[in-house]
Amino acid sequence: MAVGGVILNLSPASQTALPGDNISLDLIISGLNAGGAPSLGDFDLDIAFDTTKLSFISYSLSSFLGVISSTEADNFSSGVLGGLINLAEVSYLSPANLDSLQGSVFTLATLLFHVDVLGNGASTNVSFYKINALGDGFGNPFDIDAANNATVSNNVPEPSSALLILLGLSGLSWLRLRKVKRPQWPHHI
């Protein structure tokens, strides 16, 4: 039996980056009851990205399903295969402990990427490829109302455009200064 609907988001939904930049995305779940059932007990998700534009650097899991180093949860993520990142975690905490640990919105993981190639005006998506499992503290699957992807864009003005804008602004400043500091000519010439 499926339990209430939740929303998964990759956040921020859109961001601007240049080749050479590192970017991070948070994997966020919302639609749960803060401090009450149902709480998230496990997840197994595949996230897709374009390997011709981005390189995956790393991920870190949050502690909202328990602390892995304290054996409250286990990381079953299988890592990266091509353009897919598998993130999977199972909590060993009781549903009551999960209820007290989780709010209505929280981060499951943070993903870090390096922007390799992204031409001016180009964009790329990081998206949910497959949701293998998403269950409550009892192992019942959640209904998923939405899974929202993220876009990384290079919408930075080209150097020539930026230079023209700066020249225009400096010209306006010069004209304003010139009006203010007008020389005073003697009147008796």
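Colleague: Would you mind going over the overall build of the chain with me for this structure?
Modeller: Of the regular secondary structure elements, the chain holds two helices and twelve strands. Order of helices (α) and strands (β) in the chain, N terminus to C terminus: β-β-β-β-β-β-β-β-α-β-β-β-β-α. Classification of the 189 residues of the chain by burial places 33% in the buried group. Across the chain, the fraction of contacts at a sequence separation of at least 24, relative to all contacts at a separation of at least 6, is 78%. Counting every atom, the chain has about 10600 Å² of accessible surface; 57% of that belongs to carbon and sulfur.

Colleague: What should I look at first to understand the packing of aromatic side chains in this one?
Modeller: Where two aromatic rings form a pair, the distance of their centres and the angle of their planes describe that pair. For the coordinates displayed, the defined rule picks out four aromatic pairs. Judged by centre distance (6.4 Å) and plane angle (40 degrees), the rings of phenylalanine 49 and phenylalanine 56 are tilted. For phenylalanine 49, a relative accessible area of 9% translates into the label buried. A connected cluster of aromatic rings, assembled from ring pairs, spans Phe49, Phe56 and Phe113.

Colleague: It is not clear to me how the confidence of the model for the chain should be interpreted in this structure. Could you clarify?
Modeller: Parts of the model with low pLDDT should not have their predicted coordinates read in detail. In the predicted model, the chain carries a mean pLDDT of 87, and 80% of its residues have values of at least 70. Per-element mean pLDDT across the chain ranges from 54 in helix 2 (residues 159-180) up to 98 in strand 8 (residues 84-91).

Colleague: Can you walk me through the environment of isoleucine 131 in this structure?
Modeller: Residue placement: isoleucine 131 occurs in strand 10 (residues 123-136). The partly exposed category is assigned to isoleucine 131, whose relative accessible area is 27%. Between the C-alpha atom of isoleucine 131 and that of leucine 87, which follows or precedes it by 44 residues, the distance is 9.9 Å. Not counting residues up to four positions away in its chain, the partners in contact with isoleucine 131 are Leu8, Asp44, Leu45, Ile144 and Ala147.

Colleague: Sorry, what's going on with the environment of glycine 121 here?
Modeller: Its location among the elements puts glycine 121 in the loop between strand 9 (105-115) and strand 10. Overall, glycine 121 belongs to the exposed group, its relative accessible area being 55%. When the C-alpha atoms of glycine 121 and asparagine 154 are compared, they prove to be 5.3 Å apart, with 33 residues separating the residues in sequence.

Colleague: What should I look at first to understand a nonpolar patch on the surface in this one?
Modeller: Together, Phe76, Val90 and Tyr92 give the surface a local cluster of nonpolar side chains, amounting to about 290 Å² of exposed area. Structurally, tyrosine 92 is set in the loop between strand 8 and helix 1 (95-101).

Colleague: Mind showing me how you'd approach the environment of leucine 84 here?
Modeller: Mapped onto the secondary structure, leucine 84 falls in strand 8. Take leucine 84: its relative accessible area is 26%, and that puts it in the partly exposed class. Sequence separation of leucine 84 and valine 126 is 42 residues, and the distance between their C-alpha atoms is 9.8 Å. With sequence-adjacent residues up to four places away left out, leucine 84 is seen in contact with Ile47, Ala48, Phe49, Gly79 and Tyr129.

Colleague: In this structure, what is going on with unusual backbone geometry? I would like to understand it.
Modeller: Most of the time, phi is negative for any residue but glycine, and the peptide bond is trans. A cis amide bond, omega 5 degrees, links serine 11 with the succeeding residue proline 12. Position of proline 12 relative to the elements: it lies in the loop between strand 1 (3-11) and strand 2 (14-16). Alanine 37 connects to proline 38 through a cis peptide bond whose omega is -5 degrees. Structurally, proline 38 can be placed in the loop between strand 3 (22-30) and strand 4 (40-48).

Parameters at a glance
- Residues numbered from 1 in each chain as written.
- Predicted model: local features only at pLDDT ≥ 70, side-chain atom pairs only at ≥ 80, totals over all residues.
- Heavy atoms only, no water.
- Helix = DSSP H or I, 4+ residues; strand = E, 2+ residues; numbered from the N terminus.
- Buried < 20%, exposed > 50% of the residue type's maximum accessible area, 1.4 Å probe, protein only.
- Contact = heavy atoms within 4.5 Å.
- Areas by Shrake-Rupley, 256 points an atom, 1.4 Å probe, with all protein chains shown as cover.
- Phe/Tyr/Trp six-rings, centres within 6.5 Å; stacked < 30°, edge-to-face > 60°.
- pLDDT = per-residue confidence, 0-100.
- Patch = residues over 30% accessible without salt bridge, like charges linked within 9 Å, V, L, I, M, F, W, Y side chains within 5 Å.
- Salt bridge = Lys/Arg side-chain N within 4 Å of Asp/Glu carboxyl O.

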